[in-house]
Amino acid sequence: MVWRREPMVGWAIGPLGITFMIAQEPSPFSIWLRVLFPAFVSGSVLYIGLFTPLSPVDMPEHPLIQFVMILLGVLLTSTRDVINALRDLLYPLWGEARILQNLYQLRGSWTKFHFTSFGHSYLHDHFGSSPGDLLQVL
């Protein structure tokens, strides 16, 4: 977002991580980066937690078992990210629809929203309300 100088409406911090809210459609590279980076982190944590001397359990040292267990763990943690990426690529949203989708999806969890000054003016211009009023409506 910084590289392309996209204006950021805000960000949300919740139990599932940090979500940046922008009005424009993200590039395919950034969509797949949002899938691959968490999958890499998940696989690394699984490897360190199960197959290194730091592991609290004793696992077999067979490479096939290690590969299958890490693959299943990454699939378990990243399936939703892949589905969201495919949805973003096949049915892209931008503008008001993208902002409303982000707010609606994140509103169900214990997420704390932070809006930039651009976000305040964007919400006022496009929705005619403040961020607090819009979040109460959702």
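Calculation notes
- Residues numbered from 1 in each chain as written.
- Predicted model: local features only at pLDDT ≥ 70, side-chain atom pairs only at ≥ 80, totals over all residues.
- Heavy atoms only, no water.
- Helix = DSSP H or I, 4+ residues; strand = E, 2+ residues; numbered from the N terminus.
- Contact = heavy atoms within 4.5 Å.
- Pairing = 2+ DSSP bridges.
- Phe/Tyr/Trp six-rings, centres within 6.5 Å; stacked < 30°, edge-to-face > 60°.
- Buried < 20%, exposed > 50% of the residue type's maximum accessible area, 1.4 Å probe, protein only.
- Expected span 1.5 Å × (residues − 1).
- Salt bridge = Lys/Arg side-chain N within 4 Å of Asp/Glu carboxyl O.
- Axes fitted to C-alpha atoms, helices over the stretch in contact; angles between N-to-C directions.
- Parallel < 35°, antiparallel > 145°, perpendicular 65-115°, else oblique.
- Left-handed = near helix turned anticlockwise from the far one by under 90°.
- Nonpolar A, V, L, I, M, F, W, Y, C, P; charged D, E, K, R; others polar.

Caption draft 1: Layout of the side chain of Thr 111. Secondary-structure assignment places Thr 111 in the loop between helix H3 (96–107) and strand S3 (112–115). Thr 111 has contacts with Ala 12, Ile 13, Gly 14, Pro 15 and Leu 106, leaving out every residue within four places of it along the chain.

Caption draft 2: Highlighting the pairing of strand S2 (residues 17–22). Both strand S1 (residues 8–14) and S2 contribute to a ladder of 6 bridges, which runs antiparallel. Within S2, the residue paired with Gly 14 across the bridge is Gly 17. Following S1, the chain reverses through 2 residues before pairing antiparallel with S2.

Caption draft 3: Examining the packing of aromatic side chains more closely. What the rule picks out here adds up to 3 aromatic pairs. Centre to centre, the rings of Tyr 47 and Phe 51 are 6.1 Å apart; their planes meet at 40 degrees, and the pair counts as tilted. Of this pair, Tyr 47 and Phe 51 are both found in helix H1 (residues 28–51), 4 residues apart, which corresponds to roughly one turn of the helix. Here Tyr 47 falls in the partly exposed class, since its relative accessible area comes to 37%. According to the relative accessible area criterion, Phe 51 is buried, its value standing at 9%. Between Phe 113 and Phe 115, the aromatic rings sit 6.4 Å apart at their centres with planes inclined by 20 degrees, giving stacked as the arrangement. When sorted by exposure, Phe 113 lands in the same class as Phe 115, which is buried.

Caption draft 4: Representation of H3 within the structure. With 12 residues, H3 should reach 16 Å at 1.5 Å per residue; the first-to-last C-alpha distance of 16 Å fits that figure. Listed as buried for H3 are Arg 98, Ile 99, Gln 101, Asn 102, Leu 103 and Leu 106.

Caption draft 5: Broad picture of the pattern of salt bridges. One pass over the full model with this rule turns up 2 salt bridges. Ionic pairing is found between Asp 88 and Arg 34, a salt bridge with its closest N-O pair at 3.6 Å. In this pair, Asp 88 sits in helix H2 (residues 63–90) while Arg 34 sits in helix H1, placing the two residues 54 residues apart along the sequence. Since its relative accessible area comes to 10%, Asp 88 is described here as buried. With relative accessibility at 43%, the residue Arg 34 sits in the partly exposed group. A single network of salt bridges, built from pairs that share partners, joins Arg 34, Arg 87 and Asp 88.

Caption draft 6: Quick peek at the environment of Ala 12. One can find Ala 12 in strand S1. Taking the C-alpha atoms as reference, Ala 12 lies 8.5 Å from Phe 115; in sequence the two are 103 residues apart. Those residues in contact with Ala 12 that sit more than four places away from it in its chain are Gly 17, Ile 18, Thr 19, Leu 106, Thr 111, Lys 112 and Phe 113.

Caption draft 7: Here's a closer look at the packing of H3 against helix H4 (residues 117–127). Running from amino to carboxyl end, H3 crosses H4 at an angle of 115 degrees, the nearest separation of the two axes being 12 Å. As judged from the angle between their axes, H3 and H4 are roughly perpendicular. Classified by chirality, the crossing of H4 by H3 is left-handed. Mapping the contact onto sequence places Glu 96, Ile 99 and Leu 100 in H3 and Tyr 122, Leu 123, His 126 and Phe 127 in H4. Class assignment of the residues belonging to the contact of H3 with H4 gives a composition of 5 nonpolar, 1 polar and 1 charged.

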